[in-house]
Amino acid sequence: QVQLVESGGGLVQAGGSLRLSCAASGSIFRLNAMGWYRQAPGKQRELVARITSSDITNYADSVKGRFTISRGNAKNTVYLQMNSLKPEDTAVYYCNADIRTSFSGPWNDYWGQGTQVTVSS
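Calculation rules
Numbering of residues begins from 1 in every chain and follows the order in which that chain's sequence is written. Local features are withheld for residues below a pLDDT of 70 in this predicted model, meaning they are given only at 70 or higher, and side-chain atom pairs are given and counted only at 80 or more; totals for whole chains, interfaces and linings count all residues. Excluding hydrogens and water, the side-chain values take into account all heavy atoms of the structure. What makes two strands pair is DSSP finding at least two bridges between them. Note on conventions: DSSP H or I runs of at least 4 residues are helices, E runs of at least 2 residues are strands, and numbering of each starts at the N terminus. Working convention: axes come from line fits to C-alpha atoms, limited for helices to the stretch in contact. Angles between N-to-C directions cover 0 to 180 degrees. We call a pair of cysteine sulfur atoms a disulfide when they lie within 2.5 Å.

Undergrad: How do you make sense of the sheet that holds strand 8 (residues 77-82) when you look at a structure like this?
TA: The strands that make up a sheet pair up through hydrogen bonds in the backbone, lying either parallel or antiparallel. Ordered in space as 1-3-8-7, the 4 strands form an open sheet in which the pairing is antiparallel. A strand with exactly one partner marks an edge of an open sheet, and here the two such strands are strand 1 (2-7) and strand 7 (67-71). On average, each strand axis in the sheet is tilted by 15° relative to the strand beside it, whichever way the strands run. When strand 3 (residues 18-26) meets strand 8, the two strands line up antiparallel, connected through 6 bridges. Within strand 8, the residue paired with A23 across the bridge is T77.

Pasting the structure below:
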């Protein structure tokens, strides 16, 4: 079993900052890319930022220059530093990871339970 546990969401005023954390644990043989997605009410889930095992990053255009994704030293933790937050950043943020649970097993997508980020104007 694999678990992704997120933390760090909350309520913040526009222009403020939050830092999200996500830790992967369980039967992990190999962990590849990790990322953050978000889903606002009535909208589809969208990619916010992603980082590979080689620390190559990509961001949604809407967050470039404001958000920074990084991984911990153990590579099983991913962070999202969110600065200059806007009301349109309000959403449930989900952690995602590509994980193999055995040497010969497939790569699978795993998701966290989500953490609410609310930005007030």
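Past the structure itself, the notes keep going.
Undergrad: What is the right way to look at the state of the cysteines in this model?
TA: What is meant by a disulfide is a covalent connection between two cysteines, made through their sulfur atoms. Within the structure shown, the criterion is met by 1 disulfide. Covalently, C22 is tied to C95 through a disulfide, its sulfur atoms 2.1 Å apart. With the S-S dihedral at roughly -80°, the linkage between C22 and C95 falls on the left-handed side. One end of the pair, C22, is in strand 3; the other, C95, is in strand 9 (residues 91-100), with 73 residues separating them in the sequence.

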